Amino acid sequence: MIRMLLHWITTALAVWITSRVVPGFYVDGAMAALIAAIAIGLVNATIGLLLKILTFPLTIATLGIFWLVINAIMLKLSSVFVPGFHIRGFAAAFFGAIVLSLVNLFFKKLIAPSKGNS
């Protein structure tokens, strides 16, 4: 339970950071970022998973680049459901997806670093 709560908070923080870096990617406050984190997770777990399965051949043909397009679509779709979370245009969603992924990766490595051979 603590791990899930920590993941939710770090994802909301990543959404907020992304809104500060990417023009056209807006979050109106902490509550909107927290709700957006939940919406992004739910949309990715349902519709996003289905789209990634259906477009897998195209993803293979583009060497994985098409997943960025799918992630951008999922972000844009999530912004429709959350008041205070707005994405203006596909370019903002596309670059927002890249930045959000990188920030989430950074937080994941910061919180749970991989155990190396010592």
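Throughout, a residue's number is its position along its own chain's written sequence, starting from 1. Given that the model is predicted, a residue must reach a pLDDT of at least 70 before its local features are reported, and side-chain atom pairs must reach 80 or more before they are shown or counted; all residues, however, enter totals for whole chains, interfaces and linings. Hydrogens and water are ignored here; the side-chain numbers use all heavy atoms of the structure.

Asker: Give me the packing of helix α4 (residues 66-81) against helix α5 (residues 90-111): which residues, what numbers.
Answerer: Axis lines are fitted through C-alpha atoms, for helices just across the contact stretch, and the angle between N-to-C directions can take any value from 0 to 180 degrees. Secondary structure elements are defined from DSSP: runs of H or I of at least 4 residues count as helices, runs of E of at least 2 residues count as strands, and each element is numbered from the N terminus. Running from N to C, α4 and α5 point in directions that differ by 110 degrees, and their axes come no closer than 8 Å. Judged by the angle between their axes, α4 and α5 are roughly perpendicular. Only F90, A93, F94, G96, A97, I98 and L100 of α5 make contact with α4, whose side of the interface consists of L68, V69, N71, A72, I73, L75 and K76. An angle below 35 degrees is treated as roughly parallel, one above 145 as roughly antiparallel, one from 65 to 115 as roughly perpendicular, and anything else as oblique. Here, residues are in contact when the closest pair of their heavy atoms is within 4.5 Å.

Asker: Describe the environment of K109, listing the residues and the values that go with them.
Answerer: Turning to its location among the elements, K109 is positioned in helix α5. The exposure class assigned to K109 is partly exposed, which follows from its relative accessible area of 48%. Put simply, K109 and L75 are 34 residues apart on the chain and 23 Å apart in space, counted from C-alpha to C-alpha. Burial status follows relative accessibility: with a 1.4 Å probe on protein chains alone, a residue under 20% of its type maximum counts as buried, one over 50% as exposed, and anything between as partly exposed.

Asker: Before we move on, could you go through a nonpolar patch on the surface and cite the residues and values that matter?
Answerer: On the surface, L6, F106, L110 and I111 cluster together into a nonpolar patch covering about 390 Å² of accessible area. At three residues, the largest contribution of residues to the nonpolar patch is made by α5. Position of L110 relative to the elements: it lies in helix α5. Patch rule: a residue counts if its relative accessible area is over 30% and it has no salt bridge; like charges are joined within 9 Å, and nonpolar side chains (Val, Leu, Ile, Met, Phe, Trp, Tyr) within 5 Å. Here, Shrake-Rupley sampling with a 1.4 Å probe gives the accessible areas, and only protein chains in the shown set may cover a residue. Any carboxyl oxygen of Asp or Glu that lies within 4 Å of a side-chain nitrogen of Lys or Arg is treated as forming a salt bridge with it.

Asker: Report on helix α1 (residues 2-21), specifying residues and quantitative values.
Answerer: Between the first and last residue of a helix there are one fewer steps than residues, each counted as 1.5 Å, and that sum is the expected span. For α1, which comprises 20 residues, the first-to-last C-alpha distance of 29 Å matches the rise-based estimate of 28 Å (1.5 Å per residue) to within 8%. Among the residues of α1, those classed as buried are T10, T11, A12, A14, V15, T18 and S19. Those residues of α1 hidden inside the fold are in contact with β1 (25-27), α2 (30-54), β2 (85-87) and α5.

Asker: Any chance you could break down the side chain of S79 for me, citing the residues and the numbers?
Answerer: Position of S79 among the secondary structure elements: in helix α4. Among the polar contacts made by the side chain of S79, one reaches the main-chain carbonyl oxygen of K76 at a distance of 2.7 Å. Setting aside its immediate chain neighbours within four residues, S79 contacts F85, H86 and I87. N or O atoms closer than or at 3.5 Å make up a polar contact, with two conditions inside protein: a donor-capable atom paired with an acceptor-capable one, and, for residues adjacent in sequence, both atoms drawn from side chains.

Asker: So what's going on with the packing of α2 against α4? Which residues, and what values?
Answerer: At a minimum axis distance of 9 Å, the contact between α2 and α4 shows a crossing angle of 135 degrees. Between α2 and α4, the angle is such that the two are oblique. Our pair here, α2 against α4, has a crossing hand that is right-handed. Two secondary-structure elements touch here, α2 through A39, I40, V43, N44, I47, G48, L51 and K52 and α4 through W67, I70, N71, M74, L75, L77, S78 and F81. We call a crossing left-handed when the near helix sits turned anticlockwise from the far one by less than a right angle, and right-handed when that turn is clockwise.

Asker: Can you break down unusual backbone geometry residue by residue, with the values?
Answerer: Even without glycine at this site, L63 takes up a positive phi of about 60 degrees. With respect to the element layout, L63 can be found in the loop between α3 (56-61) and α4. Residue L63 is classed as exposed on the basis of its relative accessible area, which comes to 78%.

Asker: Lay out α4 in plain terms, naming residues and giving numbers.
Answerer: For α4, which comprises 16 residues, the first-to-last C-alpha distance of 24 Å matches the rise-based estimate of 22 Å (1.5 Å per residue) to within 8%. Buried residues of α4: I70, N71, A72, M74, L75, S78 and S79, and no others. For α4, the secondary structure elements touched by its buried residues are β1, α2, β2 and α5.

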